[in-house]
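# Structural description and commentary
Residue-level listing of the chains:
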2 protein chains.
Amino acid sequence: MTAVAPSVTTGPIRGSHKAYLDGPDGLRVPVRRIELSTGEHHDVYDTSGPYTDDTAPIDLAAGLPPLRAPWITAREPGTQLAYARAGLITPEMRFAAIREGVDAELVRSEVAAGRAVVPANRRHPESEPMVIGKRFLVKVNANIGNSAVSSSIEDEVEKMVWATRWGADTVMDLSTGRNITETRECILRNSPVPIGTVPIYQALEKAGGDPAKLSWELYRDVVVEQCEQGVDYMTVHAGVLLRYVPLTAKRVTGIVSRGGSIMAAWCLAHHRESFLYTRFEELCDILRAYDVTFSLGDGLRPGSIADANDEAQLAELRTLGELTAVARSKDVQVMIEGPGHVPLHKIDENVRLEEEWCGGAPFYTLGPLATDIAPGYDHITSAIGAARIAQRGTAMLCYVTPKEHLGLPDRDDVKTGVITYKIAAHAADLAKEHPRAQARDDALSAARFEFRWLDQFHLSLDPDTALAFHDETLPAEPAKTAHFCSMCGPKFCSMRITQDVRDYAEANGLTTVAAIEAGMAEKAEEFTESGGRINLPLA
Amino acid sequence: MTAVAPSVTTGPIRGSHKAYLDGPDGLRVPVRRIELSTGEHHDVYDTSGPYTDDTAPIDLAAGLPPLRAPWITAREPGTQLAYARAGLITPEMRFAAIREGVDAELVRSEVAAGRAVVPANRRHPESEPMVIGKRFLVKVNANIGNSAVSSSIEDEVEKMVWATRWGADTVMDLSTGRNITETRECILRNSPVPIGTVPIYQALEKAGGDPAKLSWELYRDVVVEQCEQGVDYMTVHAGVLLRYVPLTAKRVTGIVSRGGSIMAAWCLAHHRESFLYTRFEELCDILRAYDVTFSLGDGLRPGSIADANDEAQLAELRTLGELTAVARSKDVQVMIEGPGHVPLHKIDENVRLEEEWCGGAPFYTLGPLATDIAPGYDHITSAIGAARIAQRGTAMLCYVTPKEHLGLPDRDDVKTGVITYKIAAHAADLAKEHPRAQARDDALSAARFEFRWLDQFHLSLDPDTALAFHDETLPAEPAKTAHFCSMCGPKFCSMRITQDVRDYAEANGLTTVAAIEAGMAEKAEEFTESGGRINLPLA
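In this text the structure is predicted, and so the values were computed from the model without any measurement.

### A word on the overall build of chain A
Along the backbone of chain A there are 20 helices and 13 strands. In terms of overall dimensions, chain A is globule-like: its C-alpha atoms have a radius of gyration of 26 Å, near the 24 Å expected for 539 residues. Taken along its principal axes, the extent of the C-alpha atoms in chain A is 95 × 55 × 50 Å. For chain A, the proportion of its 539 residues judged to be buried stands at 68%. Within chain A, contacts between residues at least 6 apart in sequence are counted, and of these 72% link residues at least 24 apart. Of the accessible surface of chain A, which amounts to about 16,900 Å², a share of 51% is contributed by carbon and sulfur atoms. A distance of 3 Å separates the average location of the 55 positive side-chain charges in chain A from that of its 75 negative side-chain charges.

This is the structure we're talking about:
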């Protein structure tokens, strides 16, 4: 354990508090309970862990309590996939099902079919189990991690806590700079969500930064170290084959995946097939022992609109399908990573081919960005693509921050990225008609219509920003109960006028179409007499 | 003319300068010319008017030069629709065609068919003509305007200049506060883009804020005043019929359109059909005399996910179709306004029904927001919906700013809204495979891949923000030519590694799949001898 004791953000999100739902066998499943001024409350899915629980002691040096430890020690080693195939519902599946509001058997059957994963390394007992699959709520991953030119352990642990506070379902530590092992250890021991990594980064560090000096043995040792630490899923770019490298030669942006470019360089330098591919079965055996989930990386994903859905990308995807079958045959859980930069009309094909070639394994995509022309706003260009690809079936979205293509995201960027992706994910949940998704929209809109401003803010994804924006133009406390805002002012507030209309209709018995039409017939004569002229037939 | 002399933002956007394309008959069509470090340049559509031309004198008191005045005085009064139907290509159509890079005949035929509009009031000669229709680039409107509790003439004129600087194709002045007439006059005389209004707002002001005190005569006088001033298109909520009001009674958010709620209140208070509907033919005659375009307002648009595509909304849309036919019979150009709040899976139906019921009139939508739960981020929730609805055929998108639902947007919000909507519009242009759309993505991505950082920023929608974000983590000048950024640092830069891979492949004759495979056969024996073990068949 590192001696560093960073400070992180704690305390509940404005207008809410941590609550727990009781499940069978003593399960306590966290929710964020939003209190409303009506006396009701609205519970939402909560990824934030004990940090938002006012009653939970936080000690970063000690780490979070090992919630899953008794479940893990009580059973034989085995992956969630193995248990699911054996017909067993694990506590992890049950916990995830309660969070989703679905039957635990649905979680088990989707995991058994390979259409969902429960990333839960036996060595990361601190994590609160969750499920990733198209039948469940769309999930969001936040990437954090330092680079050689930026950031510290303290910064990265706070980014993890901060990202999960705002809704990140998993966090990937992509550190490539100093103190990689210590940073990851501190993150893992304090993370309430599954942690993913890309082991080739640490391997390249150990190889002195020269891809040609990488080897299977060096890589394997890094993977074992990370498995031991508790990493829940690992990106492995095992589909970047030597013969695919020339397919990228004519691309506008070549290979934009770090892992993909590293492996391409290795393959070409040695003129050999990638060791990630040739040693894939051995790798499966290692991951199975810890129940680490594969996230088969798209090392040849397109990095520009011009390169979308090209031969290199699709050739790799076919290989990922082949590897998925191998992993599943060894009871190892698998997700498939997806692009990248894809114009809107080419997004659906990505989901269709992934599902067909990879046996329905959960798709986990980076955006995709729907255009290349907006650096500084790529959280938005990519949220547009992400909402679409999730609507079509992508199970988890990797966020993109405003700093994409420009620099390392800071804490503010992390929040913006997470909130933006919660929007994309929720838009997809609505479009997929997830049974519980619309309740929050309805509750917020009802609050909006009834001028319950604080309820509206508290029900939103980011109550602090909503309140701050309202304060900017109408800061006084009475404005929080006013029947208008600065956008329209009191006379032009459509919602106030609508209330007046409803009151008037109610008072005059004009609440139905029949009543209106009866009244119109009565008025018609008087109307004409008064000089009214009807130029159009009233249909 | 008002005595106010506000100051506005002038000068070219970073990395570019104003240029003009010469057309027939002395037409000079503005473009923004982005200079690249390669010595080439890239021209982009330019909405910013003379303000970004270093050589143009700007005098807000005098207004912009009346570009269109000679064309207008040289011809008989008549609408663009009338000319198009007569087979005549006006200078306005020709100008717009050059901006779009299409044949002028395409503009004429689309206008003649009612599938496109060229909003160009004879009294607004300062505007640079443009075309709105699904066969052309997707356009963006920016709403500005004060309210009773906020803003001034100075602020609003600067917002107009600022919005067009960043790409707004039209601007709507929705002022409802003080000095409505003076604000509009100052905006019109200085606007290089068409200006839209909602005359019922000024009418309501004149009626002392009481919808029941409105009358056709009062409204007509306001419309004539605004036509005389030069307003190019007007939102008219003529489809809010008395009998539709009860259809909104069970809605979660009732009537959220200001104009819709005002007319509903009038109809109910008088128990009469809306004067906007009964006097619609007279209104057509007024608009025709100036060639003002109708923007038939969706007064009953849904204001929440729960209310999307409901009976009230669709009943009104049918009526708008009926009114479209009336307007066209009088040679008046028509757009149709659309929602609002719509979940992703219900968006396509909006376009389909609008095109079917309204004879293919250009659709002009407000977003739609794909979820209700993110106040403070509604530029993003709505860009997700906007990109989709534009991909399906919406011709113009009305922006939404981060302040939506919370307060009046300030200058920063206006820019964020415009850039966000340029992203949505461009994503749709790409998805529609607009012939010239992808060139900018390709140019920017090539610059990115070649580490031409400044070219990348200059080609982006917002060069200032891209540069500022890059500066945040690597501020020094050498970083602008470095072959890495702070995201990955030098060793992990995929693009640098890809360049190395390409150089290596080139030097070793490994640039084709055939060469790779020949080399692999050769290496296979050596590979096995060296201890390599292949567990998977190399397909």
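### Topic: the UniProt feature "binding site: [4Fe-4S] cluster" (unreviewed entry) in chain A
Under the present numbering, the feature "binding site: [4Fe-4S] cluster" (unreviewed entry) in UniProt falls on A:C485, A:C488 and A:C493. Tracing the chain through its elements places A:C485 in the loop between α18 (463-473) and α19 (494-507). Those residues in contact with A:C485, other than ones at most four positions away along the chain, are A:W453, A:H470, A:L474, B:L406 and B:G407. Within the secondary structure, A:C493 sits in the loop between α18 and α19. Among residues more than four places away in sequence, those in contact with A:C493 are A:F451, A:H483, A:F484 and A:C488.

### Digging into the environment of B:D53
All names here are of chain B. As for its placement among the helices and strands, D53 is situated in the loop between β3 (41-45) and α1 (69-73). With 389 residues separating them in the primary sequence, D53 and D442 have C-alpha atoms 27 Å apart. Setting aside its immediate chain neighbours within four residues, D53 contacts K18 and Y20. At 2.7 Å, the side chain of D53 and the side chain of T55 are in polar contact.

### As for the UniProt feature "domain: ThiC-associated" (unreviewed entry) in chain A
With numbering matched to this structure, UniProt assigns "domain: ThiC-associated" (unreviewed entry) to residues 13-76 of chain A. The span residues 13-76 of chain A is 8% helix and 31% strand, and its two end C-alpha atoms sit 39 Å from each other.

### A look at helix α19 (residues 494-507) of chain B
Across its 14 residues, α19(B) extends 20 Å between first and last C-alpha, which sits within 8% of the 20 Å expected from 1.5 Å per residue. Buried-residue contacts for α19(B) involve α9 (258-270) of chain A together with α16 (438-449) of chain B. Of the residues one or two after α19(B), B:G509 is the one with positive phi, at around 65°.

### Some words on the sheet that holds strand β1 (residues 16-22) of chain A
All names here are of chain A. Strand order in the open sheet formed by three strands is β1-β2-β3, and the pairing between neighbours is antiparallel. Among the strands making up the open sheet, the edge pair consists of β1 and β3 (41-45). Mean inter-strand twist for the sheet, computed between neighbouring axes without regard to direction, equals 40°. Across five bridges, strand β2 (residues 28-35) lies against β3 in antiparallel orientation. Residue pairing in the sheet places R32 in a bridge with V44 of β3.

### Remarks on the packing of aromatic side chains
Considering all chains together, one arrives at 18 aromatic pairs over all chains under this definition. The interplanar angle of 25° and the centroid separation of 4.8 Å between the aromatic rings of A:F280 and A:F294 together place this pair among those described as stacked. Residue A:F280 is found in helix α11 (residues 280-290), and its partner A:F294 is found in strand β10 (residues 293-296); the two are separated by 14 residues along the sequence. Residue A:F280 shares its accessibility class with A:F294, and that shared class is buried. Measuring from centroid to centroid gives 6.5 Å for B:W216 and B:Y219, while their planes differ by 40°, and the two rings are tilted. Pair noted here: B:W216 and B:Y219 are both in helix α8 (residues 216-229), with a separation of three residues, about one helical turn. Accessibility expressed as a relative area gives 3% for B:W216, which makes it buried. Residue classification places B:Y219 among the buried positions, given a relative accessible area of 1%. Directly above the ring of A:Y20 sits A:R28, whose terminal nitrogen or CZ lies 4.1 Å from the centroid.

### Remarks on the relation of the copies chain A and chain B
You can overlay chain A on chain B at an RMSD of 0.0 Å; the transform is a turn of 180° with a shift of 0.0 Å along its axis. Taken together, the rotation and translation relating the two chain copies correspond to the operation of a two-fold axis. No C-alpha of chain A approaches the rotation axis more nearly than that of A:I384, which lies at 2.4 Å. Comparing interface residues between copies, 100% of those in chain A also lie at the interface in chain B; the contact surface is shared.

### Some points on the packing of helix α14 (residues 378-391) of chain B against helix α15 (residues 411-431) of chain B
Residue and element names in this part refer to chain B. Taken N-terminus to C-terminus, the directions of α14 and α15 make an angle of 25°; their axes are 8 Å apart at the nearest point. Between α14 and α15, the crossing angle belongs to the class labelled roughly parallel. Once α14 is placed against α15, the crossing between them reads as right-handed. Contact residues: H379, S382, A383, A386, A387, A390 and Q391 in α14; T416, T420, Y421, A424, A428 and A431 in α15. A per-class count over the contact of α14 with α15 returns eight nonpolar, five polar and no charged.

### Topic: the domain arrangement of chain A
Considered domain by domain, chain A is made up of domain 1 (136-435) and domain 2 (489-538). Here the C-alpha centre of domain 2 of chain A lies 58 Å away from the C-alpha centre of domain 1 of chain A.

Analysis parameters
Residues numbered from 1 in each chain as written. Chains lettered and ligands numbered in written order. Predicted model: local features only at pLDDT ≥ 70, side-chain atom pairs only at ≥ 80, totals over all residues. Heavy atoms only, no water. Helix = DSSP H or I, 4+ residues; strand = E, 2+ residues; numbered from the N terminus. Rg over C-alpha atoms; globule rule 2.2 N^0.38 Å. Buried < 20%, exposed > 50% of the residue type's maximum accessible area, 1.4 Å probe, protein only. Contact = heavy atoms within 4.5 Å. Areas by Shrake-Rupley, 256 points an atom, 1.4 Å probe, with all protein chains shown as cover. Lys, Arg positive; Asp, Glu negative; His and termini not counted. Charge placed at Lys NZ, Arg CZ, Asp CG, Glu CD. UniProt positions renumbered as here; feature names shortened; annotations may be inferred. Polar contact = N/O pair within 3.5 Å; in protein donor to acceptor, adjacent residues only side chain to side chain. Expected span 1.5 Å × (residues − 1). Pairing = 2+ DSSP bridges. Axes fitted to C-alpha atoms, helices over the stretch in contact; angles between N-to-C directions. Phe/Tyr/Trp six-rings, centres within 6.5 Å; stacked < 30°, edge-to-face > 60°. Lys NZ or Arg CZ within 6 Å of the ring centre and 35° of its normal. Least-squares fit on C-alpha atoms with pLDDT ≥ 70 in both. Parallel < 35°, antiparallel > 145°, perpendicular 65-115°, else oblique. Left-handed = near helix turned anticlockwise from the far one by under 90°. Nonpolar A, V, L, I, M, F, W, Y, C, P; charged D, E, K, R; others polar. Domains from an automatic or database assignment.

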